[in-house]
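Tertiary structure, described
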Amino acid sequence: MKSVTQPVIKDVVLVGAGHSHVAVLRMFGMESIPGVRFTLISREVHTPYSGMLPGVVAGLYDIDDAHIDTGPLTRFAGARLYQDEVIDIDLAERRVICRHRPPVRYDLLSLNIGSTPNTLAVEGASEHAIPVKPIDGFIRRFEALRARALERRGHARIALVGAGAGGVELLLSVERRLRREIAQAGFDANGLSFTLVSDVPDILPTFPAAFRNRFQAVFDERGIAVVTGAAVKRVEAGRLILEGRAPIEADEILWTTEAAPAGWLAKTGLPIDERGFLKVDDTLRVTGRDDVFAAGDTIAFWRELPKSGVYAVRAGPILAENLRRNLTGRSLRKFRPQREALYLVSTGERSAVGTRNGLVFAGRWVWRWKDWIDRRFMRKFNDLPEMATPAASVSPLADQSALKEISAIAMRCGGCGAKVGATILSRALGAIEPAPRSDIVVGLDAPDDAALVDVGGSRLSLQTVDYFRAIVDDPYVLGKIAANHALGDVYAMGGEPQSALAIATVPYGLEAKVEADLSAMMAGANEVLREAGCALVGGHTSEGAELALGFAVNGLVLRSVALRKTGLSSGDALILTKPIGTGTLLAAHMRGKAKARWVMAAIAQMIHSNRQAAEVLRRHGVHAATDVTGFGLLGHLVEMVRASDVDVTLAVDRVPLLEGARESVERGIFSSLQPQNVRLRRAIRDLETAGRHQLYPLLFDPQTAGGLLAAVPLAEAERCVAELRSVGYADAAVIGFVTERTGALEPITLDLCGARLAAALAGPHPVLHRGHSPQERAHAQEPIH
Ligand SMILES: Cc1cc2nc3c(=O)[nH]c(=O)nc-3n(C[C@H](O)[C@H](O)[C@H](O)COP(=O)(O)OP(=O)(O)OC[C@H]3O[C@@H](n4cnc5c(N)ncnc54)[C@H](O)[C@@H]3O)c2cc1C
């Protein structure tokens, strides 16, 4: 992973994670230009490799085999990754307009956004047909088709319109997969029928006759009808109306006709051809512009190029080189796409037909060859070279233990609110004696999520502050997370936020760049604050080494409903409203080891407000609550347990986890705060057995903007969770229960297989007996290290 330590001079914005841009990112990752910052904006963050997509449909590859993960790739390139859809470009102000976020400024822009089938040209196609493009959404659409075919117990008529290579390969892949799965489900696969429809006289019109004949033979052998020379006039629900032919009845209609460009390009003012594709010159620069390049299906090259991934792939290195030359003021190179490409098209199983220079060859060996080429291509992007961590200059005075600590500092991930560990904090604050005041209801002496101050009247003032380094590359998202994190304390105490003061640090840099980052960050934060009804009333900004943001939030809470950590009582259930795992995932992200979808899902959780959860908990008689942040689930639970003087049983398997958290921990990736949090393990009973559970390390994982950990009466617990889920906390779960304090030193028992919690929920009273049973000991796994 590379980080941009130089002040940013130029911003290069790549729109679309197409086949050319992935090569650009890889090449700039190998050799960056100091002062140049890349930002990739893409609707999808796992980009399908078109060559393997039919293999996914056929069931020969899994999703990750056939998708390039832009998460590690952008980290490798030191690029920022924004998941969004671009809807326009402001050429005059050099801004990319996105659907869900403020505009993104560029100095140099490149577009690689693919194409879409031309459904608009035929009446009803947009409503009743399944477009194959954009290919990034096709897998989801295909999964829905599969489910419907199974629901119909295999009685399904499938038609595919378009007889180019993409259409032919896709139909054969769909056919193989559906027949296999329908038979496996115990239905008659002969209930399925398949038809290929095309307006041209022959299938595969641009390919040699021998190539066509091979595929025609496969269609005949599998009983797939081929209707050629039949233009589709209209698409209705369940049928294709053809020009001068009888209609074709079909339960599913797939659409793979000639590619069309994205409609929004037409309004940008960029030069387009009569079909709407972007005109580029032979260097891939958009005609007449110095600051915009484009590649892949979206371009109209000076000579007609097939809309095929092959050409997008080939354009990648030239595009990278020309962006580099443009940035460094050198003359551009010409893109010379080959006239004859090698085509290898599979038959939906481990066999393929190939052609090049008029030669045609077929067989299982052709598929193996194709598979080898495709996997080699994917390895270039998914198995990235390890990047050396820059060596820090270390004082000769450092001894072994100091060196160990210094190397840990170098890996600080900044997640978890970049919190200082609980032990350091309590030691450092132990000697501090705040001025005594009678109006401080909760202060340093009884730390809670927020301070409570008596300002007269029925309501208390809630005061809290949070501040952290950039844990994500996107300042807009950072703003949202920071604001949401700060508000969490107010909701945890049952209050409502009133006002916020911001404190921000922005890296040194050119004025325009600093302004852009600051305004994106504050826009994100303000959206969250506004939604919470919390007025941003002021703040302070300074320059520093890295981007950081925090808020001091004031809230109000009725004296009678203020929630404390002290309220746990025997007979309560413990509820957690959001999944955990942000610490390990952010650490993995920083090292380029987290999948982009894991990071995006974690971000979605971090910007999910706790407000509604607090309301639901209140309706179900909440006794105590805290928000789970830097000290991890166990650390915050220990705070509650100690403050309430009770024991608790925590069902480890019931703790909801973010996707990828388990994998990340299994790979030994932890947040830098984890070792300090682990010190609290002494609160756990029978640690030797409990510590072997696979998920044990995640109990200490520090969270950013985590969910609420709350106590409601056991009898209410399942109703409460059902309501939480219904309002959007899809992972909310009952994770434990509270019992009376016993004499045991350790107040927390881990319920390793969930049996105790199940019994507590089923019975009228919580189970008081603790200690691990032989089954639980057997259930415990080897520790993960
Ligand atoms: C079923 C099928 C099989 C195929 N098989 C082959 C094959 O074997 N070999 C071959 O060479 N070609 C094949 N093709 C053609 C190939 O898919 C396309 O030519 C290729 O994907 C085009 O690549 P691209 O780089 O231009 O864009 P794409 O690969 O389509 O990538 C476009 C990217 O831009 C993003 N994007 C799009 N719009 C926006 C927006 N507004 N804002 C932000 N991001 C956006 C998308 O999320 C995506 O990441 C096949 C096509 C299909 C449908």
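Reading guide: rules and limits
- Residues numbered from 1 in each chain as written.
- Predicted model: local features only at pLDDT ≥ 70, side-chain atom pairs only at ≥ 80, totals over all residues.
- Heavy atoms only, no water.
- Helix = DSSP H or I, 4+ residues; strand = E, 2+ residues; numbered from the N terminus.
- Rg over C-alpha atoms; globule rule 2.2 N^0.38 Å.
- Buried < 20%, exposed > 50% of the residue type's maximum accessible area, 1.4 Å probe, protein only.
- Contact = heavy atoms within 4.5 Å.
- Phe/Tyr/Trp six-rings, centres within 6.5 Å; stacked < 30°, edge-to-face > 60°.
- Near = heavy atom within 4 Å.
- Polar contact = N/O pair within 3.5 Å; in protein donor to acceptor, adjacent residues only side chain to side chain.
- Areas by Shrake-Rupley, 256 points an atom, 1.4 Å probe, with all protein chains shown as cover.
- pLDDT = per-residue confidence, 0-100.
- Pairing = 2+ DSSP bridges.
- Axes fitted to C-alpha atoms, helices over the stretch in contact; angles between N-to-C directions.
- Salt bridge = Lys/Arg side-chain N within 4 Å of Asp/Glu carboxyl O.
- Expected span 1.5 Å × (residues − 1).
- Arc of directions from axis to C-beta.
- Core = buried A, V, L, I, M, F, W, Y, C linked by side-chain atoms within 4.5 Å.
- Patch = residues over 30% accessible without salt bridge, like charges linked within 9 Å, V, L, I, M, F, W, Y side chains within 5 Å.
- Lys, Arg positive; Asp, Glu negative; His and termini not counted.
- Charge placed at Lys NZ, Arg CZ, Asp CG, Glu CD.

On to the overall build of the protein chain, then. Helix and strand counts for the protein chain stand at 23 helices and 37 strands. The C-alpha atoms of the protein chain give 30 Å as radius of gyration, which agrees with the globular expectation for 785 residues (28 Å, within 12%). With the C-alpha coordinates of the protein chain rotated into their principal frame, the extents come out at 90 × 65 × 55 Å. Expressed as a percentage of its 785 residues, the buried residues of the protein chain come to 54%. Sequence separation of 24 or more characterises 75% of the internal contacts of the protein chain that already satisfy a separation of 6 or more.

Now for the packing of aromatic side chains. Evaluated as defined, the whole model comprises 13 aromatic pairs. An angle of 15 degrees between the planes, with centres 6.2 Å apart, marks the rings of W365 and W369 as stacked. Of this pair, W365 and W369 are both found in helix α9 (residues 364–382), four residues apart, which corresponds to roughly one turn of the helix. Linked through ring pairs, F207, F211, F215 and Y343 together constitute an aromatic cluster.

Not every one of the 32 residues close to the ligand is listed here, only the nearest: H19, D297, S308, G309 and V310. Between E44 and the ligand, the recorded distance is 3.4 Å, taken from a backbone N or O atom to an oxygen atom. Take G309: an N or O atom from its main chain is 2.8 Å from an oxygen atom of the ligand. Out of a free accessible area of 990 Å², the ligand has 93% covered by protein chains. Of all the secondary-structure elements, those providing two or more residues to the shell around the ligand are β2 (36–42), α5 (135–151), α6 (165–184) and α8 (309–327).

Here we come to the confidence of the model for the protein chain. Taken as a whole, the protein chain shows an average pLDDT of 89; of its residues, 91% reach a score of 70 or greater. Note that residues 409–417 has pLDDT below 50 and, in this model, 28 contacts with residues that lie over four places away or in other chains. Confidence drops under a pLDDT of 50 for residues 765–785, and excluding neighbours within four residues, the segment shows 62 contacts in the predicted structure.

With that settled, consider the environment of T119. With respect to the helices and strands, the residue T119 is situated in the loop between β10 (116–117) and α4 (125–128). Residue T119 is classed as buried on the basis of its relative accessible area, which comes to 12%. Sequence separation between T119 and A129 is 10 residues; the distance between their C-alpha atoms is 8.0 Å. Dropping the residues within four chain positions of it, T119 is found in contact with A125, S126, P131 and W255.

With parallel pairing, five strands are arranged side by side in an open sheet as β11-β18-β12-β13-β14. Among the strands making up the open sheet, the edge pair consists of β11 (130–131) and β14 (225–227). In the sheet, β11 pairs with strand β18 (residues 252–255) via two bridges, with the strands oriented parallel. Its bridge partner lying in β18, P131 is registered against W255. Sitting on the sheet, α6 touches β12 (156–161), β13 (192–197) and β18, and the angle it makes with β13 is about 175 degrees.

By the secondary structure assignment, L529 is in helix α13 (residues 511–531). Leaving out residues up to four positions away in the same chain, L529 has contacts with A483, L487, A500, C534, L536 and F551.

The next point concerns the pattern of salt bridges. Applying the stated criterion across every chain yields a total of 48 salt bridges. Measuring nitrogen to oxygen at the nearest pair gives 2.9 Å for the salt bridge that ties R99 to E85. Within this pair, whereas R99 is found in the loop between β7 (95–98) and β8 (104–105), its partner E85 is found in the loop between β5 (80–83) and β6 (86–90), the two being separated by 14 residues in sequence. A relative accessible area of 26% means that E85 is categorised as partly exposed. With a closest N to O distance of 3.0 Å, D454 and R559 form a salt bridge.

As a further point, take α9. Compared with an ideal rise of 1.5 Å per residue, which puts 19 residues at 27 Å, α9 spans 26 Å between its outermost C-alpha atoms and is within 8% of the ideal. Those residues of α9 that fall on the buried side of the exposure criterion are V366, W367, K370, D371, D374, F377, M378 and F381. One side of α9 carries all its buried residues, which in axial view fall inside an arc of 135 degrees.

Let us now look at the sheet that holds β6. Ordered by their spatial adjacency, three strands build an open sheet running β6-β7-β8, and the pairing between neighbours is antiparallel. The open sheet has two edge strands, β6 and β8, and neither has a second partner. Taken together, the two bridges between β7 and β8 define a ladder with antiparallel strand orientation. Looking at β8, one finds that R95 is bridged to R105.

By size, the foremost hydrophobic cluster in this structure holds 188 residues, and its most contacted members are V96, L111, F215 and F551. The element contributing the most residues to this core is helix α12 (residues 475–492), with 11 residues. Filtering out sequence-adjacent residues up to four positions away, L111 remains in contact with V15, H21, I89, W264, L265, L270, L278, V292, F293, A294, A295 and T298. Formed by 36 residues, the second largest nonpolar core is a distinct cluster that contains I580, V638, V641 and L698.

A large share of strand β23 (residues 343–349) lies buried, amounting to six of its seven residues. In this sheet, strand β24 (residues 351–356) lies alongside β23 in antiparallel orientation, the contact comprising five bridges. Its bridge partner being in β24, L344 is matched across the sheet by G354. Connecting β23 to the antiparallel partner β24 that follows it, the hairpin turn spans one residue.

What follows covers the environment of L359. Tracing the backbone shows L359 in strand β25 (residues 359–363). Along the chain, L359 and A210 lie 149 residues apart, while their C-alpha atoms are 8.6 Å from each other.

Below, the discussion takes up a positive patch on the surface. On the surface, a cluster of positive charge is contributed by R427, R642, R679, R681 and R682. Looking at the secondary structure, you find R427 in helix α11 (residues 422–430).

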